[in-house]
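Understanding the architecture of this molecule
These are the residues of each chain, in order.
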Amino acid sequence: MAPQDSATLIRPALGLGAWAYDRGEFVPATAPRLPLSTQGLHYGTGAFEGIRAHRSDAGVFLFRAHDHYRRLLRACRLLRITGIRHDAGELVDLTVELLRRNAHDTDAYVRPVAYKLSLLPGTPPGVSLHGVSDALSITTFGFPQSRAAGGVRCVLSGWRRPAGDSLPAQAKITGGYATTALAADEARASGYDDAILLDRSGNVAEATTANVFAVVGGTLVTPPDTGDLLPGITRDTLITLCREAGTEVRERVLRPADLFTADEVFLSSTGNGVVPVISLSGRDVGTGAVGPVTTRVRELYTEAVTSPGGARPEWLTPVSSHATPTTGKQG
Ligand SMILES: Cc1ncc(COP(=O)(O)O)c(C=O)c1O
């Protein structure tokens, strides 16, 4: 059989926008080619973000995009990805331009990824952060936030969240998601929707791609972001909104037994928003149905991500031309 042209093997992913931003220019999303020697591919030396644009009657708005790009730029500092010449505001502007070009007709998901690319002349082969060029690309996908209104079934994973002294927790480092993939695969192969990972001490860290909240003894609790978990932007959003609404939120260590005895458990992430956990490792959480605190927190979140006149208008950046203008700048 004749070898296939690699171009014929590249298929658009479901919902992939027609255009991408890749290494300084807007290009057709299926056209970019990376060298097979790309360092980030071999060694996981990259960092990414997931950002949401929500579509509502008021228009299309990016949510906390500046905060997501600030987190990405901090991760770049960690990985010595020094070639990104844009600040967070400029990256948001590029993202708005890309979303406009791609004109998704549903909520959209934005995936920037910054990574180590090629050895510079004089750099010996091997794992290195120095002497390696770097790159940034952004793709967008049209897909609605699932909201999983009826809740998900989770398992306590056999895989542990890597400790921060092995894998920095505050950045979404591509290589670290091998653990995520193993835990998600284990959960799905066993019939669960998602996994909750413990840290090295056996305390609750986070779900595969979400933070964990629980209602314990009437109080909303989440593990502190000084632990081995990604300090999620959705987590911060929910803590802020709940406290502003007069609901106490305690950041404290959660043990597995706290989850098994909690009245309610839910997950928080940009990708899926607030997702109720109705069972854990085969046991009902609380009554086994979506609880009132989770429902209220979901309402607060939905309002914040879709309403330019809502609690924090500065969190929203308008994308579509009919959206109400805001400054789009975050403090
Ligand atoms: C490991 C992990 N924890 C938590 C989260 C939630 O973070 P955020 O709310 O910033 O999306 C994510 C998001 O993808 C994640 O990958």
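The rules behind these values
- Residues numbered from 1 in each chain as written.
- Predicted model: local features only at pLDDT ≥ 70, side-chain atom pairs only at ≥ 80, totals over all residues.
- Heavy atoms only, no water.
- Phe/Tyr/Trp six-rings, centres within 6.5 Å; stacked < 30°, edge-to-face > 60°.
- Helix = DSSP H or I, 4+ residues; strand = E, 2+ residues; numbered from the N terminus.
- Buried < 20%, exposed > 50% of the residue type's maximum accessible area, 1.4 Å probe, protein only.
- Lys NZ or Arg CZ within 6 Å of the ring centre and 35° of its normal.
- Pairing = 2+ DSSP bridges.

Digging into the packing of aromatic side chains
Under the counting rule described, the total for this entry stands at six aromatic pairs. Each ring, one from Tyr-21 and one from Phe-26, has its centre 5.5 Å from the other, and the planes form 65 degrees; the classification is edge-to-face. Both rings, one in Phe-63 and one in Tyr-301, keep their centres 6.1 Å apart while their planes meet at 80 degrees; by these two values the pair is edge-to-face. On the criterion of sequence distance, the pair formed by Phe-63 in strand S5 (residues 59-63) and Tyr-301 in helix H7 (residues 292-306) is long-range, its members being 238 residues apart. Each of the two residues, Phe-63 as well as Tyr-301, counts as buried. One aromatic cluster in this structure is built from Phe-63, Tyr-301 and Trp-315. Residue placement shows Arg-52 over the ring face of Phe-143; its charged tip is 4.8 Å from the ring centre. One residue, Arg-101, lies across the ring of Trp-19, its end atom 5.2 Å from the ring centre.

Overview of the pairing of strand S15 (residues 273-280)
Burial runs high along S15: eight of the eight residues are buried. For strand S14 (residues 264-269) and S15, the ladder comprises five bridges, and the chain directions are antiparallel. Looking at S15, one finds that Ser-269 is bridged to Gly-273. Joining the antiparallel neighbours S14 and S15 is a turn of three residues. Pairing of S15 with strand S16 (residues 283-284), which is carried by two bridges, proceeds in the antiparallel orientation. When the bridges of S16 are listed, Leu-280 appears paired with Arg-283. Between S15 and the antiparallel strand that follows it, S16, lie two residues; Ser-281 among them carries a positive phi value of about 50 degrees.

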